[in-house]
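# Tertiary structure, described
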Amino acid sequence: MKLSKRIMKIGPSPTLGITARAKKMQAEGIDVVGFGAGEPDFDTPVNIKDAAKKAIDSGFTKYTPTSGTQELKAAICEKLKQDNSLDYSPDQILVSCGAKHSIFNTVMALCEEGDEVVIPSPFWVSYPEMVNLSGAKPVIIKTTQDSNLKITPDQLKKAITPKTKLFIMNSPSNPTGMVYSRKELESIAEILVENKVCCISDEIYEKIIYDGEHASIASLSPEMKELTIVVNGLSKSYSMTGWRIGYAAGPKEVMGAMSNLQDHSTSNPTSISQKAAHEALRGPQDEMKRMVEAFRERRNYMVQRLNSIEGVECLLPEGAFYTFPNISAMIDKKYDGKLIKDSFSLTEILLAEAKVAVIPGAVFGDDNHIRLSYATSMENIKKGLDRIEEFAGKIS
Ligand code: PMP
Ligand code: GLU
């Protein structure tokens, strides 16, 4: 069958792909250390699982309103008020099947052919692909180590043209782990407001933060709030990747349009997961805090080990659960006669020879780096880093 031109513009998700490949190798009995998955290794907290069991037993297993239950939307409004000083009414909230779905709905509702969407690089892999699907054009801003892989106001100003419709902000960032300070966000917001550019603020890693504090760009001024769709979800903070609950908050007419799209595509997110999400937001938060502390310990260990390896240089991430070391010193060198041409070939050789799965920086728009997720046990982290160290020692 002939595929549509629209679908031919996109490929599979490389982050999901590499993770699946490492899991397949493990299932075949190969001892692979997986640093690919952007998925917490912890179990979903018991109180959340219990809420889902209760939902099933009480027959809460039917369609809900497309945009989510009133109960969950009210809890999301309360969360946005309490954590982010943002006032929204429930009709400004759309609950979807994961934050990925929320971002997809937003891009589809706002962007079309002729529009440009500004995306800082390194970026999360799905942003440019969603923009491609919408018919709009991704405009990538390359960042450097000097600005801690964050964009500068000057770069943003230069990237904006009369065609710019949307800017995609992600702090804490996947893949870099960097967090934009309130001051940095203020200068970005000023430019967006001046040019009337809409903004998706992907705040999915909000709770996973070690240094500094999270600020939502939408909270900086009423004008910025009017231009912003805040996206968040439960996958990362509550270890609920499989439950598929994310949400968006923003101007009523945009949320209405996104809800129409959801009406004709997926309808409501799973009723049972919505009950679980309600418990996650309203119930005790200690498990989440415990997970963040475990991530902090792993981050410190991983960064220190990476920086002690010849040819590797790693900034200290302030949030999320990824390190993004610079491996440019390894490019154009050889491992056992095999040429390391770029971040792709490095990750291929590393997987084949050292049995460690990492993600090539090129898929995030930056070929000088690789991404390692530390959402895995300390034991795995130690084993994987021992292997990378030995591997690096044989590069010449
Ligand atoms: N945004 C970013 C930056 C992510 O890393 C992820 C992880 N998959 C998502 C959004 C989507 O998460 P989910 O769909 O599981 O809520
Ligand atoms: N966001 C995670 C990652 O970057 C999960 C995979 C995906 O959805 O792309 O690894």
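Our structure's up above, just so we're on the same page.
To keep things clear, this report deals only with the structure shown in the data block. (Residues numbered from 1 in each chain as written. Chains lettered and ligands numbered in written order. Predicted model: local features only at pLDDT ≥ 70, side-chain atom pairs only at ≥ 80, totals over all residues. Heavy atoms only, no water.)

### Some thoughts on the sheet that holds strand S13 (residues 359-360)
Taken together, the 3 strands give an open sheet; going across it, the order is S9-S14-S13, and neighbouring strands pair in antiparallel fashion. In this open sheet, the two edge strands, each paired with only one partner strand, are strand S9 (322-323) and S13. In the sheet, S13 pairs with strand S14 (residues 370-373) via 2 bridges, with the strands oriented antiparallel. Residue pairing in the sheet places proline 360 in a bridge with isoleucine 370 of S14. (Pairing = 2+ DSSP bridges. Helix = DSSP H or I, 4+ residues; strand = E, 2+ residues; numbered from the N terminus.)

### What about the site of ligand 2?
Surveying the vicinity of ligand 2 reveals the residues Ser13, Thr15, Leu16, Gly38, Lys100, Trp124, Asn174, Lys236, Tyr322 and Arg371. Within the side chain of serine 13, a nitrogen or oxygen atom sits 3.5 Å from an oxygen atom of ligand 2. For ligand 2, an oxygen atom lies 3.1 Å from a polar atom in the backbone of glycine 38. Bound to the protein, ligand 2 loses 88% of the 280 Å² it would expose on its own. Mapping ligand 2 onto the cavity grids shows that it belongs to the largest pocket. For the shell around ligand 2, a count of residues per class yields 3 nonpolar, 4 polar and 3 charged. (Near = heavy atom within 4 Å. Polar contact = N/O pair within 3.5 Å; in protein donor to acceptor, adjacent residues only side chain to side chain. Areas by Shrake-Rupley, 256 points an atom, 1.4 Å probe, with all protein chains shown as cover. 1 Å grid on protein atoms, 1.4 Å probe; cavity = no way out; pocket = protein on both sides within 12 Å on 5 of 7 lines; lining within 4 Å. Sits in = over half its atoms within 2 Å of the grid points. Nonpolar A, V, L, I, M, F, W, Y, C, P; charged D, E, K, R; others polar.)

### Description of the site of ligand 1
Around ligand 1, 13 residues are found, and the nearest of them are Ala99, Asn174, Asp202, Tyr205 and Ser235. For ligand 1, whose free accessible area comes to 390 Å², the fraction covered by protein is 92%. A molecule is said to occupy a pocket when more than half its atoms come within 2 Å of that pocket's grid points, and by this definition ligand 1 occupies the largest pocket.

### A short note on the nonpolar core
Ranked by size, the top nonpolar core spans 77 residues in total, and within it Phe35, Leu166, Phe295 and Phe321 carry the most contacts. Here the element with the most residues in this core is helix H12 (residues 286-307); it accounts for 7 residues. With 25 residues, the next largest nonpolar core counts Ile48, Ile76, Tyr247 and Ala277 among its residues. (Core = buried A, V, L, I, M, F, W, Y, C linked by side-chain atoms within 4.5 Å. Buried < 20%, exposed > 50% of the residue type's maximum accessible area, 1.4 Å probe, protein only.)

### Brief notes about the layout of surface pockets
Roughly 540 Å³ of volume is contained in the largest pocket. Around the largest pocket, the lining comprises 28 residues; the ones closest to its centre are Leu16, Gly38, Lys100, Trp124 and Lys236. Those elements giving two or more residues to the lining of the largest pocket turn out to be helix H2 (14-27), helix H5 (99-110) and helix H6 (126-134). Per-element accounting of the lining of the largest pocket gives the leading share, 4 residues, to H2. Residues of the lining of the largest pocket, tallied by class, amount to 10 nonpolar, 11 polar and 7 charged. Reported here for the second largest pocket is a volume of approximately 290 Å³. (Points joined across faces, edges and corners; volume = space filled by probe spheres on them.)

### Thoughts on helix H4 (residues 70-84)
The terminal C-alpha atoms of H4, which comprises 15 residues, lie 20 Å apart, in line with the 21 Å expected from a rise of 1.5 Å per residue. Listed as buried for H4 are Leu72, Lys73, Ala75, Ile76, Cys77, Lys79, Leu80 and Asn84. On its buried face, H4 is in contact with strand S2 (93-96), strand S7 (228-233), strand S8 (246-249) and helix H11 (271-282). In the segment just after H4, serine 85 is the residue with positive phi, at about 55 degrees. (Expected span 1.5 Å × (residues − 1). Contact = heavy atoms within 4.5 Å.)

### A word on the pattern of salt bridges
Side chains carrying opposite charge are able to pair once their charged atoms draw close together. One pass over the full model with this rule turns up 26 salt bridges. Between lysine 23 and glutamate 39 there is a salt bridge, and its shortest N-O distance comes to 3.9 Å. With a gap of 16 residues between them, lysine 23 in helix H2 and glutamate 39 in the loop between strand S1 (33-34) and helix H3 (46-57) connect regions that are remote in the sequence. Of the residues examined, glutamate 39 reaches a relative accessible area of 30% and is grouped as partly exposed. A salt bridge links lysine 24 to glutamate 28; the shortest N-O distance between them is 3.3 Å. Neither residue differs from the other here; lysine 24 and glutamate 28 are each classed as exposed. Salt bridges here are not isolated pairs; linked through shared partners, they connect Lys79, Asp83, Glu206 and Lys207. (Salt bridge = Lys/Arg side-chain N within 4 Å of Asp/Glu carboxyl O.)

### As for empty space enclosed by the protein
To find leftover empty space, one rolls a probe the size of a water molecule over the atoms. For the structure on display, the rule yields 4 cavities of 30 Å³ or more. Here the largest cavity defines a volume of roughly 130 Å³. Lining the largest cavity are 15 residues, with Pro120, Pro122, Asn170, Ser173 and Tyr180 sitting closest to its centre. Elements represented by at least two residues in the lining of the largest cavity include exactly strand S3 (116-121) and strand S5 (164-170). If you tally residues by element for the lining of the largest cavity, the top one is S5, at 3 residues. Within the lining of the largest cavity, the residues separate by chemical class into 9 nonpolar, 5 polar and 1 charged. In this structure, the second largest cavity spans a volume of roughly 70 Å³. Class assignment for the residues of the lining of the second largest cavity results in 9 nonpolar, no polar and no charged.

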